[in-house]
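# Architecture at a glance
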Amino acid sequence: MNFKDLANKIDFEKGEGLVPAIIQDVKTQKVLMLGYMNKESYEKTIETGKVTFYSRSKKRLWTKGEESGNFIFLKDLSLDCDNDTLLIKVDPVGPVCHKGTDTCWAEENNASSIDFLLQLQQVIEERKKNLSEKSYTASLFKKGINKIAQKVGEEAVELVIEAKDEDKELFMGEAADLMFHYLVLLSAKEYKLEEVVALLNKRHAL
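So, here's what we can say about the structure. (Residues numbered from 1 in each chain as written. Predicted model: local features only at pLDDT ≥ 70, side-chain atom pairs only at ≥ 80, totals over all residues. Heavy atoms only, no water.)

## Comments concerning the overall build of the protein
The helix and strand inventory of the protein stands at seven helices and six strands. From first element to last, N terminus to C terminus, the protein shows the α and β order α-β-β-α-β-β-β-β-α-α-α-α-α. Over its C-alpha atoms the protein spans a radius of gyration of 22 Å, topping by over 25% the 17 Å that the globule rule assigns to 206 residues. Projected onto the principal axes, the alpha-carbon positions of the protein cover approximately 65 × 45 × 35 Å. Counting all 206 residues of the protein, 33% fall into the buried class. Taking the contacts inside the protein whose residues are at least 6 apart along the sequence as the reference set, 48% of them involve residues at least 24 apart. Where the 30 positive side-chain charges of the protein centre and where its 35 negative ones centre are 3 Å apart. (Helix = DSSP H or I, 4+ residues; strand = E, 2+ residues; numbered from the N terminus. Rg over C-alpha atoms; globule rule 2.2 N^0.38 Å. Buried < 20%, exposed > 50% of the residue type's maximum accessible area, 1.4 Å probe, protein only. Contact = heavy atoms within 4.5 Å. Lys, Arg positive; Asp, Glu negative; His and termini not counted. Charge placed at Lys NZ, Arg CZ, Asp CG, Glu CD.)

Shown next as structure tokens:
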């Protein structure tokens, strides 16, 4: 279902014409703010790609960043089970809160290590879908599973070799190479990093 079709499912009447819109950073998964939308602001958001709310204080449509330039660009959205709350994933430009903080809860909008790995996993998935792109990752997928598995083996051996020395920079470089190719292999096998983490959690509980 595309964003325009989704508009027909949103229950604006339940909130007297308004629905809450939870704004979440698509990269860090951090919740940035909460706003309210009516049908017109929703349609403008879809049309322009810039998240637009209905301001209850100004009594008009209000595009976030129209004064500060700190726009929040629409990346994805979904509707909750009761059809009366939106979750909008965005790419923010600058701080979101009018007080100058990253979020309206004065939190820093930084990605954790696992968040970055999930972002990298997403980029790898995009490269797999667009094999015509001139990228190293796309070239690996073109060569097939055997080549990808071979690269993982090569990087693992190189990491073991560097582990015998005391050169941190070389060791960490090989560790990063192995991690990247491991994620590519997972993608090639249609598996997710989250599945590996879930298995580790299960083992930890034993």
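## So, the environment of Pro20
Tracing the backbone shows Pro20 in strand β1 (residues 19-25). Note on Pro20: relative accessible area 23%, which makes it partly exposed. Each residue touching Pro20, except ones within four places of it in the same chain, is listed here: Leu34, Gly35, Tyr36, Asp84, Thr85 and Leu86.

## Examining the sheet that holds strand β2 (residues 31-37)
The strands making up a sheet are joined through hydrogen bonds of the backbone, oriented either antiparallel or parallel. Strand order in the open sheet formed by four strands is β2-β1-β6-β5, and the pairing between neighbours is mixed. Strands at the two margins of the open sheet, each flanked by one partner only, are β2 and β5 (72-79). Averaged over all neighbouring strand pairs, the angle between strand axes comes to 30°, with direction disregarded. Note: β1 against β2, six bridges, orientation antiparallel. When the bridges of β2 are listed, Ile22 appears paired with Leu34. Against the sheet, helix α2 (residues 39-48) touches β2, β5 and β6 (86-92), its axis set at about 120° to β5. (Pairing = 2+ DSSP bridges. Axes fitted to C-alpha atoms, helices over the stretch in contact; angles between N-to-C directions.)

## Some remarks on the pattern of salt bridges
Oppositely charged side chains can pair when the atoms bearing their charge come close. Per the stated rule, a full pass over the model turns up nine salt bridges. Among the salt bridges present, the one from Glu133 reaches Arg127, with a minimum N-O distance of 3.7 Å. We classify Glu133 as partly exposed; its relative accessible area is 32%. Using a relative accessible area of 25% as the deciding quantity, one classes Arg127 as partly exposed. (Salt bridge = Lys/Arg side-chain N within 4 Å of Asp/Glu carboxyl O.)

## Some words on the packing of aromatic side chains
Remark: the centre distance and the inter-plane angle together describe each pair of aromatic rings, the angle taken between the planes. In total, this model carries three aromatic pairs according to the counting rule given. Between the aromatic rings of Phe71 and Phe73, the centroid separation amounts to 6.2 Å while the plane-to-plane angle is 55°, which identifies the pairing as tilted. Above the plane of the ring of Phe71 lies Lys50, whose end atom (NZ or CZ) is 4.0 Å from the centre. (Phe/Tyr/Trp six-rings, centres within 6.5 Å; stacked < 30°, edge-to-face > 60°. Lys NZ or Arg CZ within 6 Å of the ring centre and 35° of its normal.)

## Some details on the packing of helix α5 (residues 145-163) against helix α6 (residues 168-188)
Where α5 contacts α6, the axes come no closer than 9 Å and their chain directions differ by 160°. Taken together, the axes of α5 and α6 lie roughly antiparallel to each other. The handedness of the crossing between α5 and α6 comes out as left-handed. Residue-level inspection shows Ile145, Ile148, Ala149, Lys151, Val152, Glu155, Ala156, Glu158, Leu159, Glu162 and Ala163 of α5 in contact with α6, the latter providing Leu170, Phe171, Glu174, Ala175, Asp177, Leu178, His181, Tyr182, Val184, Leu185 and Ala188. Of the residues assigned to the contact of α5 with α6, the class counts are 15 nonpolar, one polar and six charged. (Parallel < 35°, antiparallel > 145°, perpendicular 65-115°, else oblique. Left-handed = near helix turned anticlockwise from the far one by under 90°. Nonpolar A, V, L, I, M, F, W, Y, C, P; charged D, E, K, R; others polar.)

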